Amino acid sequence: MGLTARSLIRKMRLHQTTTNNVQSADTVIALAGNPNVGKSTVFNALTGMHQHTGNWPGKTVGNAQGTYTYKNKKYMLVDIPGAYSLFPHSAEEEIARDYICFGNADTTIVVCDATCLQRNLNLVLQILEITSQVIVCVNLIDEAARHGIHIDCDTLSQLLGVPVVATNARRGKGLKELTDQVHEINLNKKPASPMQITYQPAIEEALSLLIPRVQFLEKKISPRWLALRLLDSDDSLFQTMNRFWGVTLTEQKEISIALQKAKKILNENLIDETHLRDTIVANIYQTSESICNKVVRHEIENHHKHQLSVDRFLTNRMTGIPVMLLLLLFVLWLTIVGANYPSAALSELLFGFQNSLSSVCYAIHMPNWLHGALVLGVYRVLAWVISVMLPPMAIFFPLFTLLEDVGYLPRVAFNLDHCFKKCCACGKQALTMCMGFGCNAVGVVGCRIIDSPRERLIAILTNSFVPCNGRYPTLIAIITMFFVTRATGIFSTAMSALLLTSVIVLGIVMTMLTSRFLSQTLLKGVPSSFTLELPPYRRPQIGKVIIRSIFDRTLFVLGRAVAIAAPAGLIIYIMANFVMNGGSLLSHCAAFLDPFARLLGLDGVILIAFILGFPANEIVIPIAMMAYMSTSTLEEFESLASLRTLLVDNGWTWLTATCTMIFSLMHWPCSTTLISIRKETKSWFYTVISFLLPTITGMLFCFMLATITRLLGGP
C-alpha cells in the first residue's frame, strides 16, 4: 500500500545542507487531513510539484514529499494519506497515524474543508491530542461562502488553542498567511496550549493512573494520548512503537499493573474496550459539534439541498446506472467522432515522413536489410501506434478527468458498490475499473487505493476485462465494418458508440463474474467495508484538467506503448520477411495456429495478430492485414470499406467479427500491464494468473459461441 511508515521515516531523514540562501537545518512539515479536502492542492501550490489531484477520496495512497523555501529557510512538506480518524480502519489511516506519531515532523498542517468543518474537526481534535505543533488550514473558504457558510477563524483559533488560517488553495488565497504561520511557529518554538477533550469521570480517573507511568515519553509523544491508546489496547501502535523506539510499554511491570487497575475502574463503570472506543469517539464528535456551533454561521438554510437533490437522481437505484451508461455512451461517441480526423491527419503526416527517412538512408548508403528493419519495420509500427492511439487518448483522458474533477466518479463507485459487494469484492474496484478504460496499466497501479490485500489482488487480476484505449480501434473498426454498414453520418457514429458501450458493459459484467469466481476459489474471503465520501460537486478547472490529462496520462501511456512497440515492430518485420518453404515465417505461424483458431470462431491470422500485438493492442489489425495481403510491412488501408472487402475475401463473417471482438475484449493483458501487475503484486504466480484468467475466459466464450452458432446452421 505504497510506502510503509518505516520506509517513509527513513526517506525523510534530512541531510544537513549549507547554501548561501538556505539555512543548514531543514524543517519537516506534515500535511494531514480527511480525503478530498484539497491537501494535494495545497501541496502543489506550495512546492510547485503538481502532484496529481482529483475530486474523489483516496487519491494519495503513499506519501508525496517536496520542498519550498520561505524567508531563507527550507521546508520539507510531506503529503500523508487522507484519513478520517487516527483509529485506523485502513492502510492509509495507519500510515497517516504512524507518520504523525513517529515521523518527527516539526509541525503538522491539518487541512479542513470549510463546507463541512464539523466532520473535519474530528481529525483535528485527535491530532491535537498527539502534538501541540499544529496549524489548522481551513481550505475551500470561497466555496463555503458561495453556499452561505461563514467561519470565524479567529474564534476557532482561540477555541482550539492553535493557529487557524483560511485558504482557497486552488486560487492561492491565504497561502502566504499559511507559510507565515509555519515560519512563525517553527522560528519561535512557542509552546502551544491546544484544547484538551474531557472524557467521562471514569475514563479520566483511569487516565490519571497511566499518564505518570508513560511520562518518560513526553518529548516524543503526548502521554495523555498514549494512555488512551493503552486503555484502547491499540496493539498495532505498540508494535510500531517497538520498531521505531525500541519501547514495549505493555511488558513494563509498573505500566502493566497500572493498566490492570485502570481497566478495573472502567469495568466497574460498565465500560469495556468496545464501549470505551465508542465513548471516546462520541466525546470527540460532541466537542466538534460544540465548536462548530460557535464558529460556523449559515446564511442559507439547507445549503446542501441542491447537491442532495442531484445525488438523489445520480445515485438512485432506478436512475443511477442508466445515467452512468448514458454518460459512458456520450464519452465514447465523442471520442469516436473526435478522433477520426486528427488520427487520419497524424497518419498521413507520420507515414509521409517515412519517404524522407528512406531518402536519408539511401543517401548514406545504409544496407537494405537495415533500412527495412528500422524504417519499414520499427518506424512504421511506431507511426501506426501513435496515429491510432494518440487522438482517442487525447480526447478520452480529458473527458474522464473532467468527470473525476467535477466529483462524479465517487457516484459511480457508490452505484456499483452493491454489485461488487455481491461479488465479495471492494466497491473501490469500480474506480480502478474506470481507470482501466483509459489504460489497464494505470488501472492496475490505481488498485493501491484498495485497502484489503485480497480485494486489491482481485481488482488487479480482473482489470484487463474492461477494454483499454488500445483495444478501441479494433473494436470500433469491426463494429463499423460489420454491424453499422447501413447507417451513415451521425447515426453511424451513434450506433458505433452504442454497440461499443454494449461491449464495455459485457466487460464490466465479466469483471464482476470473475471477481466472484476468484473470491470463491483462489482468493476466498468476505468483502470489507470502506468509507466512501461523496464530495461536493465542483466547477472543474478545465485548463488544468486538459494539461494534466495530456501530460500525466496521455503522453505517459503513449511513451510506454512506443517503447514496447519499437522492438515489436522489428520482430514483426523479421517474421514477415524471413521466407522458408515458399512462405514467410508469419504465414507459417498463422497456418500452424489455424485449426485451433477456427474452433474459437477465428482463424490463424487473427490469432497470430493478437499474439504479435502483445506489446501494443493497436497493431492487431495492421498485422492481420499484412498477413492476409502477404506484404513485408504494415499496410495502411484507404477506408474501412476496402478493409472490409479484404477481410470478407479472406473468409470473415459476422461470426468471425463477433468472436474477434469478444477475444479482443477478453484476452491476455498487454506487456505494459503485465509489467505493472508484476511490480504491484511482486509475484510471478499472480502475474501468470492475470495472463491466463482473461485468456481462458475469452477462448471458452468464443468456443461456445462458435459451436452453438454452427450447430444452429450458422457460418
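Reading guide: rules and limits
Residues numbered from 1 in each chain as written. Predicted model: local features only at pLDDT ≥ 70, side-chain atom pairs only at ≥ 80, totals over all residues. Heavy atoms only, no water. Helix = DSSP H or I, 4+ residues; strand = E, 2+ residues; numbered from the N terminus. Buried < 20%, exposed > 50% of the residue type's maximum accessible area, 1.4 Å probe, protein only. Contact = heavy atoms within 4.5 Å. Pairing = 2+ DSSP bridges. Polar contact = N/O pair within 3.5 Å; in protein donor to acceptor, adjacent residues only side chain to side chain. Core = buried A, V, L, I, M, F, W, Y, C linked by side-chain atoms within 4.5 Å. Axes fitted to C-alpha atoms, helices over the stretch in contact; angles between N-to-C directions. Left-handed = near helix turned anticlockwise from the far one by under 90°. Nonpolar A, V, L, I, M, F, W, Y, C, P; charged D, E, K, R; others polar. Salt bridge = Lys/Arg side-chain N within 4 Å of Asp/Glu carboxyl O. Phe/Tyr/Trp six-rings, centres within 6.5 Å; stacked < 30°, edge-to-face > 60°. 1 Å grid on protein atoms, 1.4 Å probe; cavity = no way out; pocket = protein on both sides within 12 Å on 5 of 7 lines; lining within 4 Å. Points joined across faces, edges and corners; volume = space filled by probe spheres on them. Disulfide = S-S within 2.5 Å. Parallel < 35°, antiparallel > 145°, perpendicular 65-115°, else oblique. Patch = residues over 30% accessible without salt bridge, like charges linked within 9 Å, V, L, I, M, F, W, Y side chains within 5 Å. Areas by Shrake-Rupley, 256 points an atom, 1.4 Å probe, with all protein chains shown as cover.

**Student:** Outline the overall build of the protein, supporting the account with residue identities and numerical values.
**Tutor:** Within the protein one finds 29 helices and ten strands. Within the protein, the fraction of its 715 residues that count as buried is 56%. A sequence separation of at least 24 residues applies to 75% of the contacts in the protein between residues at least 6 apart.

**Student:** Which residues make up the pairing of strand E2 (residues 64–70), and what values do they have?
**Tutor:** A one-sided burial pattern is seen for E2, the buried positions being Ala64, Gly66, Tyr68 and Tyr70 and the unburied ones Gln65, Thr67 and Thr69. The pairing of E2 with strand E3 (residues 73–79) spans seven bridges and is antiparallel. The residue of E3 that forms the bridge with Gln65 is Val78.

**Student:** Can you tell me about the environment of Asp603, naming the residues and giving the values?
**Tutor:** Among the secondary structure elements, Asp603 is positioned in the loop between helix H23 (585–599) and helix H24 (604–612). By relative accessible area, Asp603 is classed as buried at 5%. Separated by ten residues in sequence, Asp603 and Leu593 have C-alpha atoms that sit 7.6 Å apart. Residues within four places of Asp603 in sequence aside, it is in contact with Asp594, Ala597, Arg598, Tyr628, Asn650 and Trp652. Side chain to side chain, Asp603 and Tyr628 meet in a polar contact 2.6 Å long.

**Student:** Pulling in residues and values, what's your account of the nonpolar core?
**Tutor:** Looking at soluble globular proteins, one finds that nonpolar side chains tend to be buried together. Grouped together as the largest cluster of nonpolar side chains are 117 residues, with contacts concentrated most on Leu416, Phe437, Leu500, Ile504, Leu586, Tyr628 and Trp652. Residue contributions to this core peak at 15 residues, all from helix H15 (residues 368–406). For Phe437, the residues in contact, after removing those within four places along its chain, are Phe396, Val466, Pro467, Cys468, Asn469, Tyr472, Ile504 and Ile508. Core analysis: the second largest hydrophobic core is formed by 72 residues, Ala32, Val136, Ala202 and Leu207 among them.

**Student:** Lay out the packing of helix H28 (residues 671–681) against helix H29 (residues 684–711) in plain terms, naming residues and giving numbers.
**Tutor:** Viewed as axis vectors pointing N to C, H28 and H29 meet at an angle of 145 degrees, and their least axial separation amounts to 8 Å. Where H28 crosses over H29, the two elements pack in a sense that is right-handed. Packed against H28, whose contacting residues are Leu674, Ile677, Arg678 and Thr681, the element H29 presents Trp684, Tyr686, Thr687, Ser690 and Phe691 at the interface. Residue composition of the contact of H28 with H29, grouped by class: five nonpolar, three polar and one charged.

**Student:** Tell me what's going on with the pattern of salt bridges, and back it up with residues and numbers.
**Tutor:** With the rule as written, the count across this model stands at twelve salt bridges. Of the charged contacts, one joins Arg454 and Glu455 as a salt bridge, the two residues approaching to 3.6 Å between their closest N and O atoms. Neither Arg454 nor Glu455 differs from the other in exposure class; each is buried. What emerges from the salt-bridge pattern is a single network uniting Lys71, Lys176 and Asp180.

**Student:** Account for the packing of aromatic side chains, naming residues and giving values.
**Tutor:** Throughout the structure, instances matching the rule amount to ten aromatic pairs. Ring plane angle 75 degrees and centroid distance 5.0 Å describe the contact between Phe102 and Trp245, whose orientation is recorded as edge-to-face. Of this pair, Phe102 sits in helix H3 (residues 91–102) while Trp245 sits in helix H10 (residues 235–245), placing them 143 residues apart in sequence. Summarising the burial analysis for this pair, Phe102 and Trp245 share the class buried.

**Student:** An account of empty space enclosed by the protein is requested, with residue identities and associated values reported.
**Tutor:** Under the counting rule described, the total for this entry stands at seven cavities of 30 Å³ or more. Computed from the structure, the largest cavity encloses a volume of approximately 220 Å³. Lining the largest cavity are 15 residues, with Met324, Leu328, Leu403, Cys434 and Phe437 positioned closest to its centre. Where the lining of the largest cavity is concerned, the elements lending two or more residues are helix H14 (320–363), H15, helix H16 (409–422) and helix H17 (429–438). Of the residues assigned to the lining of the largest cavity, the class counts are 15 nonpolar, no polar and no charged.

**Student:** Explain the sheet that holds E3 to me, and be specific about the residues and the numbers.
**Tutor:** The strand order E2-E3-E1-E4-E5-E7 describes an open sheet built from six strands, whose pairing is mixed. For this open sheet the edge positions go to E2 and strand E7 (164–166), each flanked by a neighbour on one side alone. This sheet shows a mean twist of 25 degrees between the axes of neighbouring strands, independent of strand direction.

**Student:** Please give an account of the pairing of E3 that cites residues and values.
**Tutor:** The element E3 is largely enclosed, with a buried count of six among its seven residues. Hairpin remark: E2 followed by E3, antiparallel, with two residues in the connecting loop; positive phi at Lys71, about 50 degrees.

**Student:** Hey, could you go over the state of the cysteines for me, with residue numbers and the actual values?
**Tutor:** Evaluated as defined, the whole model comprises zero disulfides. The thiol sulfur of Cys424 is not disulfide-bonded, and the nearest other cysteine sulfur, from Cys423, lies at 7.8 Å. Exposure remark for Cys424: the relative accessible area of 11% places this residue in the buried category.

**Student:** So, the packing of helix H19 (residues 453–462) against H29: which residues are in play, and what are the values?
**Tutor:** Viewed as axis vectors pointing N to C, H19 and H29 meet at an angle of 45 degrees, and their least axial separation amounts to 9 Å. Classed by the angle they form, the pair H19 and H29 counts as oblique. Only Tyr686, Ile689, Ser690 and Leu693 of H29 make contact with H19, whose side of the interface consists of Leu457, Leu461 and Thr462. Looking at the contact of H19 with H29 residue by residue, the class counts come to five nonpolar, two polar and no charged.

**Student:** Now, about a nonpolar patch on the surface: what can you tell me, with residues and values included?
**Tutor:** A contiguous nonpolar surface patch, about 960 Å² in accessible area, is contributed by Phe596, Leu599, Val688, Leu692, Ile696, Leu700, Phe703, Met704, Ile708 and Leu712. Elements with a minimum of two residues in the nonpolar patch: H23 and H29. Examining the composition of the nonpolar patch, we find that seven residues originate from one element, H29, more than from any other. Tracing the chain through its elements places Leu692 in helix H29.

**Student:** Account for helix H20 (residues 472–482), with residues named and values stated.
**Tutor:** Among the eleven residues of H20, eight are classified as buried, and the element is accordingly described as predominantly covered. If you check which residues of H20 are buried, you get Tyr472, Thr474, Leu475, Ala477, Ile478, Ile479, Met481 and Phe482.

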